[in-house]
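Here are the chains, one letter per residue:
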Amino acid sequence: MEAVCLNSGPVFDDCEEYEDGGDCSVVEHDNEIHENDSKKEPPQPTVGLEFRSFDEAYDFYNMYGKEKGFGVRVSNSWFRSKRKERYRAKLSCSNAGFKKKSGANHPRPETRTGCPAMLVIKLVDSKRWRIVEVVLQHNHTVSPEIGRFYKSHKKMILASKKQQESTPDTEVHTIKLYRTFIDAAYNGSQEVEETDSGLPVDTSKHLELKEGDAHALYNYFCRMKLTNPNFFYLMDLDDEGCLRNVFWADARSRAAFNSFSDAVAIDTTSLRNKYEIPLISFVGLNNHGQPVLLGCGFLGHDSVEYFIWMLKSWQTCMLGRHPQVILTDQSKSVQIAVSKVFPQACHCYCLSYVMQRVPEKLGGLKGYESIKMQLYKAVYNSLKITEFESSWGQMISQHGLKDNKWLQSLYEDREKWVPVYLKDISFMGIMPIKENESLDSFFDGYVHKHTSFKEFVDKYDLALQRKYLKEAMADMESRSSSFELKTKCKFEQQLSRIFTKEIFKKFQKEVEEMHSCFNTRQVNIIGPIMTFVVKERVESEGSEKEIRQFEVLYETTQVEVRCICSLFNFKGYLCRHALNVLNYNGVEDIPSQYILPRWDKDYKRKTPVDSILSHVDVNNPVELYNHLHKHVMRVVEEGAQSEEHYMAVLKELEALLNRFSLIDDNLVSL
C-alpha cells in the first residue's frame, strides 16, 4: 500500500492566496461581463461536485468568492510520497483563522475574523477532485463590491488579461464540470455543437435540456444536499464537460434499500416509450406490497456504456450491495449491463412488460385474437415445461409464425420471463404472474410523454410525499387494526397477528379459496417425501369452471411443502393447494419457514443495520453519519406512528441533545 503522509499543520505557512504557476483555467473579463452571465446566480459549492484538476477546483471557489464578495486561500494541503503529490486540500475564506502573533514593536492590527467558510476537496481515482465537505456561512459581511480588493481575485483578473493578450479570439468559458447544468440548457437540444477548438461534437448522447430545465435540476440538487445531508447524486460528464447521465437517491431511498432490495425492478418505461425525459427508476416492494423508490436517474443514451454507468452509480450509492433478483424489460443494453455490474443477481424480464407489447408486435397479424388467446394460455396456464412447449409449438404451427422474429426472440429468452421456468426464484411479489396483473411505474400519473425535466422536478417531491403518506397510513392501519377473519381456519388466525394488512388480505384469499379445492389424495411416497394431487375448480372462458390438478410435495420430517404452482416463490405466501395438504396432514400452524419476515407489520423496526456498517472508521465523519442515519431512521419511522410515539421520541431526542451540551460544556471547562 502506498504510504500516505497526513500533514497535521498547514503546508502553506501563513496560507496566502493560491498562486498558479500556469495559465488560469477560469477566464473572466473584468469589465466585459456578458449581460446574460451577469444575471445568473453563481453555482453554489455542494458536496459531490467534481473537477478535472486541483486548479479548476480552486478557480471555481475563487470565482464563487468573487461573485459573493470574499477572498479565497488554501489553508491546508495533504500530500502523498513526501509531499510530491497533493491528494486533499482545504480552501478557505481569506478571513479564516488568525494571523500569527508578531514580536514587532508595532504589529499590524488583526484583520481576520476566524471565518468558518470553507470547502474540502479530495482526489478521486487519481484523476478527479471532488468536494467532500462544505461550509457556506461567513461570520463577517461579504459584498461583491469589495471583491476587487482581494488578492485571489486580482490574480484571476491578471491571468484573464494575460490570456486575452496571447489569444485575443479565445471565447470566454467557465468550468463546465460545475457549470454543466447551465451550459447544457443551451446546447442540449442541438445535434452538433463546436468545441473550444472549433471541432464538431456529437451532443445526441447528452441529456436534451431545454431552457429552464438546467436551473431547475441544479437548484433541486443544491436544495436537497443542504436539507438532506444523506442525499446522494452523481453526474456523468464527457470530455467537454457536457452532461450525459445523472443519478440520485435521497435518504429514505437509501434506507429502504437496506430493507427491500431483495427483488428490484429497473423501470425504463420512459425510454421504452420515448418520453421527453429519459427517466430510470429503481423500485422495490415494501412490507405492504407497495412500490418503494430505491433511486432514479436520467440516461443520456440507450447504450451498454450508459447503462453500466447508471448501475454502477446505484451500486456505489448503496455501498456496493446488490439485489438477489433484478427485473427489467427486454433491452439487450440493459441485459449486458446487468450481467457486468451485478453478475451475482438473477436477471429476469418482467412478464407484464413483455405482454404489454403483444398488441404492438402481433396486432396486425391475421387471426390476432386467436394468436393472443393461445399465447396467453401457454404463458399463464402452463404448470409444466412440457405444457408450455406444446402450447407454444401449436400456436406457431397453426398460425404460420415460424418466421416472426419477435416471437423467435421471446422463445429464445423464455427462461428469463415465462413463469414455468422461474419457479425456483424468490420474487417477493414483484413479478406479475397473472393476466390481470402488471408492474406499474412508480411515477405513474406524474410523468407523461411530454413531461419536461423542470415539470418532473416540480412533481417529484409531491409524488414521493404521497407515496410516503400512503406507506405511513398502511403502517398505522396494520399495527392498530384487528383484521376481520372470514374462516375458522387456524392459518388465517395465525397470520392475522403477523402480516401487514395488505399482505394478509392476499393470503386470506388463499385461505378462503381452500373450499374450491377438493379430492386431496396421496399418489406417491418415497421415504419422508409424499406426493399429493389437489383438484381445484378454476374459472376458464366465460363463466365455465375447469377442473385442474396440482401436484404438491410434502416432506414430513421438516414439515416442508412445495406446490407445482410455486405461489410461495412468486408471492411470498403459501397457496391454497399447499394449505390443503398441510390441513390434510393435521398441521395446524404454518411452519415458520413459510412466514417471511419481510411481510411482518414490524419489519422495518426489526430489520438489523447492515453488518457492513457495523465496523465504521471513527475518524471518518461520513461513515459515522451514514451509520447513525441508519439507526435514527428507524427511530423516526417509529415516532411517526402515533402522537404518543411522537412525544416519546421528541422527549428522548431533546434529552440527548441536552446531554451533548453538558458534555461540550465540561470539555470547555477542562
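Here the structure is a predicted model, which is why all the values come from computation and not from measurement.

Engineer: Describe the overall build of the chain, naming the residues involved and giving the relevant values.
Structural biologist: Along its length, the chain carries 22 helices and 19 strands. Split into buried and exposed, the 670 residues of the chain put 49% on the buried side.

Engineer: Tell me about the pattern of salt bridges, and please be specific about residues and values.
Structural biologist: The full count for this structure, using the stated rule, is 26 salt bridges. Residues Arg244 and Asp236 are paired through a salt bridge, measuring 3.1 Å at the closest nitrogen-oxygen approach. The class of Arg244 is buried, set by a relative accessible area of 17%. Residue Arg576 is joined to Glu510 by a salt bridge in which the shortest nitrogen-to-oxygen separation is 3.0 Å. With Arg576 in helix α19 (residues 576-584) and Glu510 in helix α17 (residues 501-512), the pair connects residues that are 66 residues apart, well separated along the chain. Accessibility classification places Arg576 together with Glu510 in one group, the buried group. Here the residues in one salt-bridge network are Lys509, Glu510, Glu513, Glu536 and Arg576, joined through shared partners.

Engineer: Go over α17 with me, naming the residues and quoting the values.
Structural biologist: Across its 12 residues, α17 extends 16 Å between first and last C-alpha, which sits within 8% of the 16 Å expected from 1.5 Å per residue. Burial in α17 covers these residues: Ile503, Phe504, Phe507, Gln508, Glu510 and Val511. Down the axis of α17, the buried side of the element spans an arc of 155°, and every buried residue falls inside it. For α17, the secondary structure elements touched by its buried residues are α16 (490-496), α18 (567-571) and α19.

Engineer: Before we move on, can you summarise the pairing of strand β3 (residues 72-80) with the specific residues and values?
Structural biologist: A large share of β3 lies buried, amounting to nine of its nine residues. Both β3 and strand β4 (residues 85-93) contribute to a ladder of eight bridges, which runs antiparallel. Bridge assignment links Trp78 to a residue of β4, and that residue is Arg88.

Engineer: Would you mind going over unusual backbone geometry in detail, with residue names and values included?
Structural biologist: Of note in the backbone geometry, Leu319 takes a positive phi value of approximately 60° without being a glycine. Turning to its location among the elements, Leu319 is positioned in the loop between α8 (304-317) and β14 (325-328). Taking the relative accessible area as the measure of exposure, Leu319 reaches 31% and is therefore partly exposed.

Engineer: Talk me through the sheet that holds strand β19 (residues 560-563); I want residue IDs and the actual numbers.
Structural biologist: Paired through their backbone hydrogen bonds, the strands of a sheet run either parallel or antiparallel. As summarised here, the arrangement of the four strands in space is β16-β17-β18-β19, forming an open sheet in which the pairing is antiparallel. Edge positions in the open sheet fall to β16 (517-526) and β19, since each of these has one partner strand only. With strand direction ignored, the average angle separating the axes of adjacent strands in the sheet is 25°. Judged from the seven bridges that link them, β16 and strand β17 (residues 529-539) form a sheet pairing that is antiparallel.

Engineer: An account of the UniProt feature "domain: SWIM-type" (unreviewed entry) in the chain is needed here, citing residue identities and associated values.
Structural biologist: Per the UniProt entry, the sites bearing "domain: SWIM-type" (unreviewed entry) are residues 550-586 in this numbering. Within residues 550-586, the helical portion is 38% and the strand portion 27%, while the C-alpha atoms at the span's ends are 20 Å from each other.

Engineer: Give me the lowdown on helix α2 (residues 54-68), citing residues and values where you can.
Structural biologist: For α2, which comprises 15 residues, the first-to-last C-alpha distance of 21 Å matches the rise-based estimate of 21 Å (1.5 Å per residue) to within 8%. Of the positions making up α2, those classed as buried are Phe54, Glu56, Ala57, Tyr58, Asp59, Phe60, Tyr61, Asn62, Met63, Tyr64, Gly65 and Lys66. At the C-terminal side of α2, Gly69 shows a positive phi close to 105°.

Engineer: An account of the nonpolar core is requested, with residue identities and associated values reported.
Structural biologist: One finds Met355, Trp417 and Phe427 to be the most contacted residues of the largest nonpolar core, which totals 78 residues. Residue contributions to this core peak at seven residues, all from helix α12 (residues 368-381). Residues in contact with Phe427, not counting those within four places in the same chain, are Ala263, Val325, Leu327, Cys348, Leu422, Asn569 and Phe570. Trp78, Leu217, Met235 and Leu237 belong to the second largest nonpolar core, which has 54 residues in total.

Engineer: So what's going on with the packing of aromatic side chains? Residues and values would help.
Structural biologist: Taken as a whole, this structure holds 36 aromatic pairs when the rule is applied. Ring centres of Phe532 and Tyr584 lie 5.5 Å apart, and the angle between their planes is 70°; on these two criteria the pair is classed as edge-to-face. Taken together, the positions of Phe532 in strand β17 and Tyr584 in helix α19 put the pair 52 residues apart, joining distant regions of the chain. Taken together, the aromatic side chains of Tyr220, Phe221, Phe231, Tyr233, Trp248, Phe298, Phe442, Phe443, Phe453, Phe456 and Tyr460 make up a single cluster linked through ring pairs. Across from the ring centre of Tyr349, 5.9 Å away, lies the NZ or CZ of Lys416, which sits over that ring.

Engineer: Requested: an account of a nonpolar patch on the surface, with residues and values cited.
Structural biologist: On the surface, a cluster of nonpolar side chains totalling about 260 Å² of accessible area is made up of Leu628, Val632 and Val636. By the element assignment, Leu628 lies in helix α21 (residues 621-639).

Engineer: Tell me what's going on with the side chain of Gln374, and back it up with residues and numbers.
Structural biologist: Within the secondary structure, Gln374 is located in helix α12. A distance of 2.7 Å separates polar atoms of two side chains, one belonging to Gln374 and the other to His399. In this view, Gln374 contacts Gln394, Met395, Gln398 and His399; residues no more than four positions away in its chain are not counted.

Engineer: Tell me about the sheet that holds strand β12 (residues 279-285), and name the residues and values.
Structural biologist: Taken together, seven strands build an open sheet; the order of strands is β9-β10-β13-β12-β11-β14-β15 and the sheet is mixed. Since the sheet does not close on itself, it has two edges, and those belong to β9 (232-237) and β15 (346-349), each with one partner. Between one strand and the next, the sheet's axes are offset by a mean angle of 20°, whatever the strand orientation. When strand β11 (residues 263-267) meets β14, the two strands line up parallel, connected through three bridges. Looking across to β14, one finds that Val264 is bridged to Ile326. In the packing of helix α5 (residues 213-227) onto the sheet, the strands contacted are β9, β10 (243-249) and β13 (291-299), and the crossing angle to β10 comes to about 30°. The sheet strands contacting helix α6 (residues 251-260) are β9, β10, β11, β12 and β13, and the helix crosses β13 at an angle near 125°.

About the criteria used
- Residues numbered from 1 in each chain as written.
- Predicted model: local features only at pLDDT ≥ 70, side-chain atom pairs only at ≥ 80, totals over all residues.
- Heavy atoms only, no water.
- Helix = DSSP H or I, 4+ residues; strand = E, 2+ residues; numbered from the N terminus.
- Buried < 20%, exposed > 50% of the residue type's maximum accessible area, 1.4 Å probe, protein only.
- Salt bridge = Lys/Arg side-chain N within 4 Å of Asp/Glu carboxyl O.
- Expected span 1.5 Å × (residues − 1).
- Arc of directions from axis to C-beta.
- Contact = heavy atoms within 4.5 Å.
- Pairing = 2+ DSSP bridges.
- Axes fitted to C-alpha atoms, helices over the stretch in contact; angles between N-to-C directions.
- UniProt positions renumbered as here; feature names shortened; annotations may be inferred.
- Core = buried A, V, L, I, M, F, W, Y, C linked by side-chain atoms within 4.5 Å.
- Phe/Tyr/Trp six-rings, centres within 6.5 Å; stacked < 30°, edge-to-face > 60°.
- Lys NZ or Arg CZ within 6 Å of the ring centre and 35° of its normal.
- Patch = residues over 30% accessible without salt bridge, like charges linked within 9 Å, V, L, I, M, F, W, Y side chains within 5 Å.
- Areas by Shrake-Rupley, 256 points an atom, 1.4 Å probe, with all protein chains shown as cover.
- Polar contact = N/O pair within 3.5 Å; in protein donor to acceptor, adjacent residues only side chain to side chain.

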